[in-house]
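# Overview (structure and organization)
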Amino acid sequence: MILDGKSPTGPIEQTWDKHRFEMKLVNPANKRKYKVLVVGTGLAGASAAASLGELGYNVEAFCYQDSPRRAHSIAAQGGINAAKNYPNDGDSIRRLFYDTVKGGDFRSREADVWRLAQVSNNIIDQCVAQGVPFARDYGGYLDNRSFGGAQVSRTFYARGQTGQQLLLGAYSALSRQIKAGTVKMYPRTEMLDLVVVDGEAKGITIRDLVTGEVRCHVGDAVLLCTGGYVNVFYLSTNAMGCSVTALWRAYKKGAYFANPCYTQIHPTCIPQSGDYQSKLTLMSESLRNDGRCWVPKNHDDNRPPNDIPEEDRDYYLERKYPSFGNLAPRDIASRAAKEQCDDGRGVGPGGRGVYLDFRDAIERLGAGLIRERYGNLFEMYELITAEDGYKVPMRIYPAPHYAMGGLWVDYNLMSNLPGLFVLGEANFSVHGANRLGASALMQGLADGYFIIPYTIADYLAQTRPGAVTTDHPECAQSIEEVNAYRDRLLSVNGKRTVTDFMRELGHLIWENAGMARSEESLTEVIDKIPAIREEFWQNVRVTGNGNQVNQQLENAGRTADFVEFAELLARDALHRRESCGGHFRVEYQYEDGEAKRDDENFSYSAAWEFKGVDREPELHKEPLKFESVELAVRSYK
């Protein structure tokens, strides 16, 4: 089946403005008749809920944390992109557009990416107005730094805590609407089902994580803003609570899942320290502005890094990619680091690490300026490793970080299920097969502040408000199914912990579908997952009950979803017989080891339709057309 992304036609520079004019509107008096449910209150969710509340809609917002301030968006460190061209170094909306399409290895929709680049400048103005403390240069203007995949400085930042500061800005806007009464906030709740009535999304079923109550909330539209799914690898840079559950439950109710194999490995993370570690720690990509990546030239060179002379160091990114050097894109920098370690030149315990060295930058700029730019990151590194990054090179290694795949959406951010909108990392729309650094925050706020307020109106204007109430039979059935699922988890009473299953699954996926994939390794995943799933439902142990705080029960449900989702990820990776971006099939590479795309056969987004847990999903294709960017071999050399 061929999918239509509903991209506007005409000159790409005019598509968003033309589309906004052609969409239907809801007049101010009618907005308060509609109710919108927003699931997730990170940057995408908080900005969407605040914006829709400001417009006059009735909004109910849900998060599993005790406050929207705890959303995982706070973990983003390095910055947010925008095409302001403040440094006067050649940036423009078109260049940001081109860098993003190329960075995604030509596997994203042109119109969506252009819109993202176009509204990026509005985001900065919005956040400055909210008081976000962006870094300033000596003249008082907003400062910029570089990120991977670009040769201009377009990244706005607040030291190494940009995500936290942006979320506080969105949270302040959200809090204003909560006080005004247009937004009602439901913290400590988890979405466990999507309520679909006559083919349209009309509600969600949630579990109160404090009391255990299961209930339905209905509305005229549902916005999923629940982030990504890379915790399928178990160890990742994501918070442990990040899961695929909301997306997976929507997928099982008919929403298509697009490009699940597109996952991003971040090259700049603190290496794993032990088998029983629960998560990995991100070190911002911004560090590669001033830090230089290297490994010893000689195998088994175990000298302390400061004792290794210049002639015995291999600055491998500068050697392989002279045009971009240490600011090569994440997928390329990650594979390059793995290549050095596989060659026996890795550093640290187990040889799974490379050096990120600030020696030259400190000599050139002084420790004070480096501390001003990255101080909290150096503090965090020392707290975790007991090593001083100012005196000894940091040790880093790639780690799972971000999901480019997600639920399929059209240009209006609506899934194939009418009424179900998907924002931020939860959708698949703009990053293609690889996300450029500092573009996640840009997408989340673009979707919430500047896109969904227009596109949801076009849907609601054609919808009768309040058509479904909580006494609808679909609500009763959904609650019954959620309760039965909960009781099934609690009744197994096996001998293995939830974490044990998640660790086993994560190891299988990381080793076979991580930085490198092959037909053999992906087939192994698909063959082994049914056995893991079967044992889970026969031998998992979940203590406690469902009528109280029970994090084992929460984690059990999320793990069960990950076990099912992992098979879809592997099937998607197996079907895509090419290498592109973060999806690297070892059978498809050039002689120099770079990814080899197959534009003739795979220039499309793959959207999968659920057909049953034990049945193969159905593939739907959305062809990708490139009219403003010429398809080319992606090179950063």
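Details of the structure are given in the entry above.
This one's a predicted model, so the numbers in the text were calculated from it and none came from an experiment.

Looking only at helices and strands, one finds 17 helices and 19 strands in the protein. When the backbone C-alpha atoms are referred to their principal axes, the protein occupies close to 75 × 60 × 50 Å. Taken across its 637 residues, the protein has 62% of its residues classed as buried. Residue pairs at least 24 apart in sequence account for 74% of intrachain contacts in the protein once pairs closer than 6 positions are excluded. With an accessible surface of roughly 24,100 Å², the protein has 47% of that area assigned to carbon and sulfur atoms. Positive and negative side-chain charges of the protein, numbering 74 and 84 respectively, have mean locations separated by a distance of 4 Å.

Here the focus is the nonpolar core. Counting 154 residues, the largest nonpolar core has Ile-80, Leu-194, Leu-223, Leu-224, Phe-257 and Leu-420 as its most contacted members. Residue contacts for Leu-224: discarding those within four places in its chain leaves Val-39, Met-191, Ala-246, Leu-247, Ala-250, Leu-407, Leu-420, Phe-421, Val-422, Leu-423 and Ala-426. Grouped together as the second largest cluster of nonpolar side chains are 31 residues, Phe-358, Tyr-381, Tyr-397 and Tyr-636 included.

To continue, consider the sheet that holds strand S5 (residues 183-186). Taken together, the five strands give an open sheet; going across it, the order is S5-S2-S1-S9-S17, and neighbouring strands pair in parallel fashion. Every other strand in the sheet has two partners, leaving S5 and strand S17 (420-422) as the edge strands with one partner each. On average, each strand axis in the sheet is inclined to that of its neighbour by 20°, with strand direction left out of account. Relative to strand S9 (residues 221-224), strand S1 (residues 35-39) is paired through four bridges, and the arrangement is parallel.

Okay, unusual backbone geometry next. Notably, Asn-259 is not glycine yet its phi reads approximately 50°, a positive angle. Here Asn-259 shows up in the loop between strand S10 (257-258) and strand S11 (263-269). On the basis of relative accessibility, which here comes to 2%, the residue Asn-259 falls in the buried class.

Turning next to the pattern of salt bridges. Working definition: two side chains of opposite charge can pair if their charged atoms are close together. A full pass over the atoms with the stated rule returns 59 salt bridges. In this structure, Asp-301 and Arg-303 form a salt bridge, with 2.9 Å as the shortest nitrogen-oxygen distance. On the basis of relative accessible area, Asp-301 is assigned to the buried category, the value being 14%. Among the ionic contacts, a cluster of salt bridges with common partners joins Asp-105, Arg-107, Arg-576, Glu-578, Arg-597 and Asp-599.

With that settled, the discussion passes to the sheet that holds S10. Here four strands make up an open sheet; going across it, the order is S16-S10-S18-S19 and the pairing antiparallel. The open sheet is flanked by strand S16 (406-407) and strand S19 (618-623), the only strands paired with a single partner. The pairing of S10 with S16 spans two bridges and is antiparallel. Bridge assignment links Phe-257 to a residue of S16, and that residue is Leu-407. Across the sheet, helix H16 (residues 551-575) lies against S10, strand S18 (604-609) and S19, angled at about 145° from S18, the strand it touches most.

Between helix H15 (residues 519-539) and H16, the shortest axis-to-axis distance is 9 Å and the interhelical angle comes to 155°. Compared by their axis directions, H15 and H16 come out roughly antiparallel. In this structure, H15 meets H16 at a crossing whose hand is left-handed. Contacts from Glu-519, Leu-522, Thr-523, Val-525, Ile-526, Ile-529, Ile-532, Arg-533, Phe-536 and Trp-537 in H15 reach Ala-556, Thr-559, Ala-560, Val-563, Glu-564, Ala-566, Glu-567, Ala-570, Arg-571, Ala-573 and Leu-574 in H16. For the contact of H15 with H16, a count of residues per class yields 14 nonpolar, two polar and five charged.

Position of Ser-603 among the secondary structure elements: in the loop between helix H17 (599-602) and S18. Apart from residues lying up to four places away in sequence, Ser-603 is in contact with Arg-107, Asp-598, Pro-623, Leu-624 and Phe-626.

Rules used throughout
- Residues numbered from 1 in each chain as written.
- Predicted model: local features only at pLDDT ≥ 70, side-chain atom pairs only at ≥ 80, totals over all residues.
- Heavy atoms only, no water.
- Helix = DSSP H or I, 4+ residues; strand = E, 2+ residues; numbered from the N terminus.
- Buried < 20%, exposed > 50% of the residue type's maximum accessible area, 1.4 Å probe, protein only.
- Contact = heavy atoms within 4.5 Å.
- Areas by Shrake-Rupley, 256 points an atom, 1.4 Å probe, with all protein chains shown as cover.
- Lys, Arg positive; Asp, Glu negative; His and termini not counted.
- Charge placed at Lys NZ, Arg CZ, Asp CG, Glu CD.
- Core = buried A, V, L, I, M, F, W, Y, C linked by side-chain atoms within 4.5 Å.
- Pairing = 2+ DSSP bridges.
- Axes fitted to C-alpha atoms, helices over the stretch in contact; angles between N-to-C directions.
- Salt bridge = Lys/Arg side-chain N within 4 Å of Asp/Glu carboxyl O.
- Parallel < 35°, antiparallel > 145°, perpendicular 65-115°, else oblique.
- Left-handed = near helix turned anticlockwise from the far one by under 90°.
- Nonpolar A, V, L, I, M, F, W, Y, C, P; charged D, E, K, R; others polar.

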